[in-house]
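Breakdown of the fold
The chain contents come next:
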Amino acid sequence: MTVEKKLKDAVGLSVVGSVWRSVEGSVWCSVMDSVELSVAVSVRDSVESSVRDSVWDSVHAQILQYAYDC
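So, here is what we can say about the structure in this document. Note that this is a predicted model, so its numbers are computed, not measured.

If you tally the helices and strands in the chain, you get 1 helix and 0 strands. Referenced to the eigenvectors of the C-alpha coordinate spread, the extents of the chain come out at roughly 100 × 10 × 10 Å. Put simply, the chain shows about 6,300 Å² of open surface, and 65% of that area lies on carbon and sulfur atoms. Positive and negative side-chain charges in the chain, numbering 6 and 10 respectively, have mean positions lying 23 Å apart.

Residue placement: Ala40 occurs in helix α1 (residues 3-69). Taking the C-alpha atoms as reference points, Ala40 and Arg52, separated by 12 residues in sequence, lie 18 Å from one another.

As a further point, take the pattern of salt bridges. Note that side chains of opposite charge can pair when their charged atoms are close. All told, the structure shown has 2 salt bridges when counted by the stated rule. A salt bridge links Asp45 to Arg44; the shortest N-O distance between them is 3.0 Å. For Asp45, a relative accessible area of 35% translates into the label partly exposed. Among the residues examined, Arg44 registers a relative accessible area of 44% and is labelled partly exposed. Residue Glu48 is joined to Arg44 by a salt bridge in which the shortest nitrogen-to-oxygen separation is 3.9 Å.

The rules behind each value
- Residues numbered from 1 in each chain as written.
- Predicted model: local features only at pLDDT ≥ 70, side-chain atom pairs only at ≥ 80, totals over all residues.
- Heavy atoms only, no water.
- Helix = DSSP H or I, 4+ residues; strand = E, 2+ residues; numbered from the N terminus.
- Areas by Shrake-Rupley, 256 points an atom, 1.4 Å probe, with all protein chains shown as cover.
- Lys, Arg positive; Asp, Glu negative; His and termini not counted.
- Charge placed at Lys NZ, Arg CZ, Asp CG, Glu CD.
- Salt bridge = Lys/Arg side-chain N within 4 Å of Asp/Glu carboxyl O.
- Buried < 20%, exposed > 50% of the residue type's maximum accessible area, 1.4 Å probe, protein only.

See below:
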């Protein structure tokens, strides 16, 4: 192998490796963003539902207590 051939191969592998890492990083970040968003939405919905139910139970109990007091 000539020096020129070795140099071309090294540059080619470097470019291919760089492009592959870039694509892999982009796909990985996209997947992670999707998973994070999904988890965040799920947690938010769960918390909202829990808070809403808790508030409703509290208000409902107060209304019933008020009704019994009358």
